[in-house]
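Close look at the chain arrangement
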Amino acid sequence: MEQYQIVPWDDLSSDESMRSLNLEQYVPPEVEKLAYEVMKSYDMSVSGMTLITSKPDKGGAIWRIETNRGPRSLKVLHRTPQRSLFSVGAQEYVVSKGARVPGIILTKDGRNSVEAGGKLWIVTDWIDTLTPVMKIDLEGARTLCHGLGEFHQWSKGYEPPAEAGKSSRIFKWESQYQKIMTKIGWFRHIANAYPNTEASGHLLSVLDTFEGQARDILKRFQESAYKRMVAKGEAHWGLAHQDYGWSNGQMGPGGIWVIDLDGVAFDLPIRDLRKIITSTMDDMGAWDLEWIRGVIDAYHSANPLDQETFELLWIDMAFPNEFYKHVKEVVFTPVEFMNTELNAILDRVVATETNKWDVLRELEKDKTKYAVGDYPDVTAAPSGPYRYKDYAKEGAAPIVEIPGSKRKRKDKDKGDAIRIVLNPDGKAKIIPGGETPRKLSKKEEKKLAKKEAKKLSKKQLKKLSKKKEEKLSKQEEKKLSKKELKKLSKKKLRKLQRSEQLPSQEGVAVRKPEKAVSPLRQPGKAVSPERERMKRYKYRTGPAASPAAGKPKSGKPSAASGQKSRGTAAGGQPPKRSTSTSKSGAAVRDGLKKAAGGSRTRSAWNKGKKKVGVKLYLTAYRDSKSARRTGLEHFDDLHGEAAGTEY
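Residues numbered from 1 in each chain as written. Predicted model: local features only at pLDDT ≥ 70, side-chain atom pairs only at ≥ 80, totals over all residues. Heavy atoms only, no water.

A word on the overall build of the chain. A tally of regular secondary structure across the chain gives 21 helices and 12 strands. For the chain, with 647 residues in total, the buried portion stands at 42%. When contacts within the chain are restricted to residue pairs at least 6 apart in sequence, those whose partners lie at least 24 apart make up 67%. For the chain, the exposed surface amounts to about 37200 Å²; the carbon and sulfur share of it is 52%. (Helix = DSSP H or I, 4+ residues; strand = E, 2+ residues; numbered from the N terminus. Buried < 20%, exposed > 50% of the residue type's maximum accessible area, 1.4 Å probe, protein only. Contact = heavy atoms within 4.5 Å. Areas by Shrake-Rupley, 256 points an atom, 1.4 Å probe, with all protein chains shown as cover.)

Under the counting rule described, the total for this entry stands at 15 aromatic pairs. With 6.0 Å between their ring centres and 35° between their planes, Tyr 158 and Phe 266 make a pair best called tilted. Here Tyr 158 is found in the loop between helix 3 (138-155) and helix 4 (173-193), whereas its partner Phe 266 is found in strand 9 (residues 265-266), with 108 residues between them in sequence. Their ring planes at 70° and their centres at 6.2 Å tell us that Phe 187 and Phe 323 sit as a pair that is edge-to-face. (Phe/Tyr/Trp six-rings, centres within 6.5 Å; stacked < 30°, edge-to-face > 60°.)

As a further point, take the packing of helix 5 (residues 200-222) against helix 13 (residues 342-353). One way to put it is that helix 5 packs onto helix 13 with a least axis distance of 11 Å and a crossing angle of 40°. Between helix 5 and helix 13, the angle is such that the two are oblique. Both helix 5 and helix 13 take part in a crossing whose hand is left-handed. The segment helix 5 lies against helix 13, with His 202, Leu 203, Val 206, Phe 210 and Gln 213 engaging Leu 342, Asn 343, Leu 346, Asp 347, Val 349, Val 350 and Glu 353. Residue composition of the contact of helix 5 with helix 13, by class: seven nonpolar, three polar and two charged. (Axes fitted to C-alpha atoms, helices over the stretch in contact; angles between N-to-C directions. Parallel < 35°, antiparallel > 145°, perpendicular 65-115°, else oblique. Left-handed = near helix turned anticlockwise from the far one by under 90°. Nonpolar A, V, L, I, M, F, W, Y, C, P; charged D, E, K, R; others polar.)

Turning next to the environment of Tyr 324. As for its position among the elements, Tyr 324 is in helix 11 (residues 321-327). Residue Tyr 324 is classed as buried on the basis of its relative accessible area, which comes to 8%. Sequence separation between Tyr 324 and Lys 183 is 141 residues; the distance between their C-alpha atoms is 8.1 Å. Once residues within four sequence positions are removed from consideration, Tyr 324 is found in contact with Lys 179, Ile 180, Lys 183 and Phe 187.

Turning to the pattern of salt bridges, a few remarks are in order. In total, this model carries 24 salt bridges according to the counting rule given. For Arg 111, the salt bridge identified is with Asp 109, shortest N-O distance 2.9 Å. Overall, the relative accessible area of 38% leaves Arg 111 in the partly exposed class. On the basis of relative accessible area, Asp 109 is assigned to the exposed category, the value being 53%. Its salt-bridge partner being Asp 208, residue Arg 188 comes within 3.0 Å of it at the nearest N-O pair. Here the residue Arg 188 occupies a position in helix 4, and Asp 208 occupies one in helix 5, the gap between them amounting to 20 residues. Under the relative-accessibility criterion, Asp 208 is labelled exposed at 52%. (Salt bridge = Lys/Arg side-chain N within 4 Å of Asp/Glu carboxyl O.)

Summarising the sheet, strand 7 (residues 249-252) and strand 8 (residues 255-258) pair through four bridges and their orientation is antiparallel. Directly across from Met 251, in strand 8, lies its bridge partner Ile 256. Linking strand 7 to strand 8, which pair antiparallel, is a turn of two residues; within it Gly 254 sits at a positive phi near 90°. (Pairing = 2+ DSSP bridges.)

Strands sit in the order 1-2-3-5-4 across an open sheet of five strands; the sheet is antiparallel. The strands lining the two open edges of the sheet, one partner per strand, are strand 1 (46-55) and strand 4 (114-116). Adjacent strand axes in the sheet meet at a mean angle of 25°, parallel and antiparallel pairs treated alike. Alignment of strand 3 (residues 70-77) against strand 5 (residues 119-125), held across six bridges, turns out to be antiparallel. For Arg 72, the partnering residue across the bridge sits in strand 5 and is Asp 125. In the packing of helix 2 (residues 81-96) onto the sheet, contacts are made with strand 3, strand 4 and strand 5, and the angle to strand 5 comes to roughly 20°.

With 88 residues, the main nonpolar core has Phe 187, Leu 203, Ile 277, Ile 292, Ile 296 and Phe 323 as its most contacted residues. Counting residues per element, this core draws most heavily on helix 5, at eight residues. Setting aside anything within four residues of it in sequence, one finds Leu 203 in contact with Phe 187, Ala 191, Phe 323, Val 327, Leu 342 and Leu 346. In terms of nonpolar packing, the next biggest core, distinct from the first, is built from 22 residues, Ile 6, Tyr 42, Val 76 and Trp 121 among them. (Core = buried A, V, L, I, M, F, W, Y, C linked by side-chain atoms within 4.5 Å.)

Let us now look at the side chain of Ser 167. Mapped onto the elements, Ser 167 comes out in the loop between helix 3 and helix 4. In terms of polar contacts, Ser 167 uses its side chain to reach the side chain of Arg 83, at 3.4 Å. (Polar contact = N/O pair within 3.5 Å; in protein donor to acceptor, adjacent residues only side chain to side chain.)

Turning next to a positive patch on the surface. A grouping of Arg 169, Lys 172, Lys 179 and Lys 328 is seen on the molecular surface, where their side chains present a positively charged patch. Tracing the chain through its elements places Lys 328 in the loop between helix 11 and helix 12 (334-340). Judged by its relative accessible area of 36%, Lys 328 is partly exposed. (Patch = residues over 30% accessible without salt bridge, like charges linked within 9 Å, V, L, I, M, F, W, Y side chains within 5 Å. Lys, Arg positive; Asp, Glu negative; His and termini not counted. Charge placed at Lys NZ, Arg CZ, Asp CG, Glu CD.)

Another aspect to go through is the pairing of strand 1. The pairing of strand 1 with strand 2 (residues 60-67) spans eight bridges and is antiparallel. Bridge pairing in strand 2 links Gly 48 to Glu 66.

Between helix 3 and helix 9 (residues 289-302), the shortest axis-to-axis distance is 7 Å and the interhelical angle comes to 35°. As helix 3 packs across helix 9, the resulting crossing turns out to be right-handed. Contacts between helix 3 and helix 9 pair Leu 138, Ala 141, Arg 142, Cys 145, His 146, Leu 148, Gly 149, Glu 150, His 152 and Gln 153 from the former with Glu 290, Trp 291, Gly 294, Val 295, Asp 297, Ala 298, Tyr 299, Ser 301 and Ala 302 from the latter. Tallied by class, the residues present in the contact of helix 3 with helix 9 amount to nine nonpolar, six polar and four charged.

Another point: helix 10 (residues 307-318). Over its 12 residues, helix 10 extends 16 Å from the first C-alpha to the last, a length consistent with the 16 Å expected when each residue adds 1.5 Å. Residues of helix 10 that are buried: Glu 308, Thr 309, Phe 310, Glu 311, Leu 312, Leu 313, Trp 314, Ile 315, Asp 316, Met 317 and Ala 318. With a side-chain oxygen positioned 3.3 Å from the backbone nitrogen of Glu 308, the residue opening helix 10 is Asp 306. (Expected span 1.5 Å × (residues − 1).)

When the terminal C-alpha atoms of helix 4 are compared, their 31 Å separation across 21 residues agrees well with the 30 Å that a helix rising 1.5 Å per residue should span. Among the residues making up helix 4, those that are buried are Trp 173, Glu 174, Ser 175, Tyr 177, Ile 180, Lys 183, Ile 184, Gly 185, Phe 187, Ile 190 and Ala 191. Buried residues in helix 4 make contact with helix 5, helix 6 (226-230), helix 8 (270-284), helix 10, helix 11 and helix 12.

What follows is about unusual backbone geometry. The phi angle at Gln 242 is positive, at roughly 80°, despite the residue not being glycine. The residue Gln 242 is located in the loop between strand 6 (239-240) and strand 7 in this model. You will see that Asp 260, though not glycine, has its phi angle at about 55°, which is positive. Note that Asp 260 resides in the loop between strand 8 and strand 9.

Time to look at the confidence of the model for the chain. Should the pLDDT be low somewhere, the predicted coordinates at that spot are not to be read in detail. Summary statistics for the chain give a mean pLDDT of 76 and a share of 61% for residues scoring 70 or more. When the criterion is pLDDT under 50, residues 537-583 qualifies, and its contacts beyond four places in sequence or with other chains add up to 109 contacts. (pLDDT = per-residue confidence, 0-100.)

Here we come to the side chain of Arg 100. Positionally, Arg 100 belongs in the loop between helix 2 and strand 4. Within the structure, Arg 100 has its side chain in polar contact with the side chain of Glu 150 (distance 2.3 Å). Within the structure, Arg 100 has its side chain in polar contact with the backbone oxygen of Ile 256 (distance 3.0 Å). Those residues within four positions of Arg 100 in sequence are excluded, and the remaining contacts are Glu 150, Trp 154, Pro 253, Gly 254, Gly 255, Ile 256, Trp 257 and Val 258.

Here it is, written out as structure tokens:
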């Protein structure tokens with residue numbers, strides 16, 4: 001059972017057998033089994049358990065349990081365990097301050113919660129006598145808002161446990177406004193993308209109005225005391241409920257009791273008050289100045305407001321929050337939503353707007369009724385989506401002084417220290433002493449980017465040039481060495497030929513060097529007999545007749561003896577290396593020319609070769625230029641012919 005992880009079960013609505021079931025009154029059997037396991041951690045015996053409600057889309061639920069210690073509430077919190085620890089700690093804190101909030105029951109081992117199925121579970125007191133206040137009655141609304149002010153007052157000074165994941169929205173007001181403005185821009189794109197839907201034209205007709213409102217109010221917000229106010233820190237302002245309303249604030253013993261603290265977070269507390277006012281005006285279909293003044297006065301009596309806080313409340317009411325809240329569904333199901341619901345929603349929102357600005361202009365005059373707050377100027381204050389959980393508890397600006405900097409400073413009293421400033425994206429920027437952080441304009445950013453790109457390109461070009469020069473010099477060196485080697489080889493070859501070749505004369509033998517022996521004759525190398533036989537003609541020195549022998553050893557009858565030698569013409573093996581008389585290159589060429597009929601064309605030479613029976617002459621002749629220069633002194637040796645053969 002411990003391995004089971006709780007996940008949302010709203011996808012069960014797609015099952016045919018579950019369609020008729022109200023999922024808000026249902027939990028999977030595995031979750032119910034986990035509930036029984038969790039209750040074993042408490043010093044109580046349970047006689048009954050009733051499901052009050054569940055959150056199938058998030059994976060949460062509340063049960064009323066009957067125990068030997070009276071009725072209690074068992075709750076599985078749908079958020080992550082770390083985030084839920086923040087809420088549980090907040091609930092314990094406000095109870096300790098005297099708040100009318102259900103107390104948390106500790107486990108047998110003194111813990112305030114149990115983790116099971118990947119979620120946090122708590123057991124609290126069950127308050128039987130809670131009843132909702134009258135929504136349509138101004139007195140009921142005043143009572144509700146007075147209770148909200150009390151809760152905010154009790155929550156001031158809360159410090160979350162070290163192991164809890166801190167939740168704060170105090171620094172996010174501007175980013176929230178900007179997000180809404182961006183989404184309103186999306187609404188325009190969607191309406192243009194689906195022009196044939198029922199509410200497309202209606203939506204486009206009102207967007208300019210709400211966009212203009214958002215733009216004007218955001219500008220006023222940026223000029224307000226917000227940055228000076230949040231510099232006071234999170235603990236100064238305390239917690240906002242984030243979901244306070246007619247069901248989570250109910251009348252009980254001693255006054256309003258606040259329940260369901262799952263989503264509490266650090267925030268400016270007037271956010272809760274604004275939500276009650278604007279949502280009620282939307283339900284009424286018109287703005288009521290008397291009602292708004294009544295609930296603000298009731299809240300002020302429990303948690304006093306100052307001029308700056310009242311102005312922020314007014315700004316938040318003026319921003320088109322309700323329009324965004326009702327229309328944002330168009331982003332998820334544009335065609336269906338615009339064809340079925342959007343027209344009626346827009347009619348109601350536009351009707352409510354009819355007297356909104358008259359009421360707000362009149363309400364703005366009430367600002368002078370409140371005292372001026374103590375919010376000194378700050379050098380820098382966070383605004384936008386900062387990583388707020390890393391800030392100091394007192395809300396100090398995220399600037400870190402580095403007194404031990406290596407940079408020389410003439411006057412330490414002039415704020416000449418190096419500072420690290422955190423940007424909204426979470427990155428840090430080092431600002432030298434004496435400078436103040438300033439946002440660059442788009443023109444300055446472009447200029448800076450071009451300058452950096454130019455620097456980089458120059459540096460890369462220089463680096464590339466050096467590399468190119470080195471590569472080029474290596475190539476040249478290689479070329480030069482190859483050229484010199486070739487030249488040296490030719491010189492060496494000529495020298496070798498001169499030293500080893502004697503003048504061509506009858507009866508004088510010429511021996512080729514030992515290195516001319518075929519590599520095919522190396523031991524262990526397998527070569528076909530035919531290939532070996534053919535290759536030997538190129539590497540062996542060929543047959544030669546000793547002057548004393550009286551007869552040659554070639555395969556043809558010699559001119560002198562008329563006998564057949566052991567050459568290839570007789571089908572024998574190629575002759576062994578021996579000395580041979582050399583026929584001059586001039587004599588060979590003359591013989592070929594004569595056989596070719598005096599012509600030096602290729603075809604004529606081919607005919608001449610056929611006549612003299614030279615099969616490999618062309619290969620030998622083309623293989624090296626040195627063969628032409630040396631006059632083919634070894635022509636007869638290469639082809640196994642006896643010296644003195646007539647051509």
